[in-house]
Amino acid sequence: MTTEERIEASETRIFKAVFPNTTNHYDTLFGGTAMQLMDEVAFITATRFARKRVVTVSSDKIDFKKPIPAGTIVELIGKVAHVGTTSMKVSVEIYTEQMYSYEREKAIVGDFTFVSIDEFKKPTPIL
């Protein structure tokens with residue numbers, strides 16, 4: 001399988017409903033909860049691409065473009081954006097959907113960097 005085919009095959013999409021227990025006093029999703037969900041999707045994407053142990057080493061700029069209100073559905077999409085020797089960058093986007101309409105908006109975007117590690121927790125080549 002080529003690198004491009006692996007990138008395409010590793011794209012990850014997860015849907016979640018935003019319930020009141022995950023929101024702040026403004027009735028919108030906690031930023032930390034959004035970041036946790038994004039890191040999880042990025043980890044799954046990186047693992048599906050590398051098929052090796054990977055760990056998060058950094059989260060780059062995360063842009064909160066729109067608030068995510070309670071009572072909406074969110075879709076998280078993870079895509080491999082760059083592959084190095086032992087590391088890779090995964091971009092994650094969160095879209096909001098109204099439950100009872102077809103309205104959809106991009107709410108949050110961010111990048112996460114992962115390193116592939118061996119059984120001794122040392123960096124190892126991804127490919």
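This structure is a prediction, so every number in the text was calculated from the model and none was measured. (Residues numbered from 1 in each chain as written. Predicted model: local features only at pLDDT ≥ 70, side-chain atom pairs only at ≥ 80, totals over all residues. Heavy atoms only, no water.)

Quick look at helix 2 (residues 31–50)
Given 3.6 residues to a turn, an α-helix orients residues that are three or four positions apart in the same direction. Over its 20 residues, helix 2 extends 28 Å from the first C-alpha to the last, a length consistent with the 28 Å expected when each residue adds 1.5 Å. Buried residues of helix 2: A34, L37, M38, V41, A42, T45, A46, F49 and A50, and no others. Looking at the packing, one finds that the buried side of helix 2 touches helix 1 (3–10), strand 1 (12–17), strand 2 (53–64), strand 3 (72–83), strand 4 (87–98) and strand 5 (104–117). Where helix 2 ends, the next residue or the one after it, R51, has phi of about 55°, a positive value. (Helix = DSSP H or I, 4+ residues; strand = E, 2+ residues; numbered from the N terminus. Expected span 1.5 Å × (residues − 1). Buried < 20%, exposed > 50% of the residue type's maximum accessible area, 1.4 Å probe, protein only. Contact = heavy atoms within 4.5 Å.)

A short note on the UniProt feature "domain: HotDog ACOT-type" (unreviewed entry) in the chain
As recorded in UniProt, the sites labelled "domain: HotDog ACOT-type" (unreviewed entry) are residues 8–120. Helix makes up 20% of residues 8–120 and strand 50%, whereas the separation of the span's terminal C-alpha atoms amounts to 30 Å. (UniProt positions renumbered as here; feature names shortened; annotations may be inferred.)

Concerning unusual backbone geometry
Residue D27 is not a glycine yet carries a positive backbone phi of 65°. With respect to the helices, strands and loops of the structure, D27 is situated in the loop between strand 1 and helix 2. D27 sits in the partly exposed class, given a relative accessible area of 43%. For K121, which is not a glycine, the phi torsion comes out positive at approximately 65°. Along the chain, the position of K121 falls in the segment after strand 5. The class of K121 is exposed, set by a relative accessible area of 66%.

So, the packing of aromatic side chains
Enumeration over the complete set of coordinates arrives at zero aromatic pairs. In this structure, R6 is placed above the aromatic ring of F49, and the distance from its NZ or CZ to the ring centre is 4.7 Å. (Phe/Tyr/Trp six-rings, centres within 6.5 Å; stacked < 30°, edge-to-face > 60°. Lys NZ or Arg CZ within 6 Å of the ring centre and 35° of its normal.)

What about the sheet that holds strand 1?
With respect to topology, five strands assemble into an open sheet ordered 1-3-4-5-2, the strand pairing being antiparallel. Both outer strands of the open sheet, strand 1 and strand 2, are each paired with one neighbouring strand and no more. The mean angle between the axes of side-by-side strands here comes to 25°, regardless of whether they run parallel or antiparallel. As defined by bridge partners, strand 1 adjoins strand 3 across six bridges and the pair is classed as antiparallel. Across the sheet, residue I14 finds its bridge partner in strand 3, namely L76. Helix 2 rests against strand 1, strand 2, strand 3, strand 4 and strand 5 of the sheet, and its axis sits at about 50° to strand 5. (Pairing = 2+ DSSP bridges. Axes fitted to C-alpha atoms, helices over the stretch in contact; angles between N-to-C directions.)

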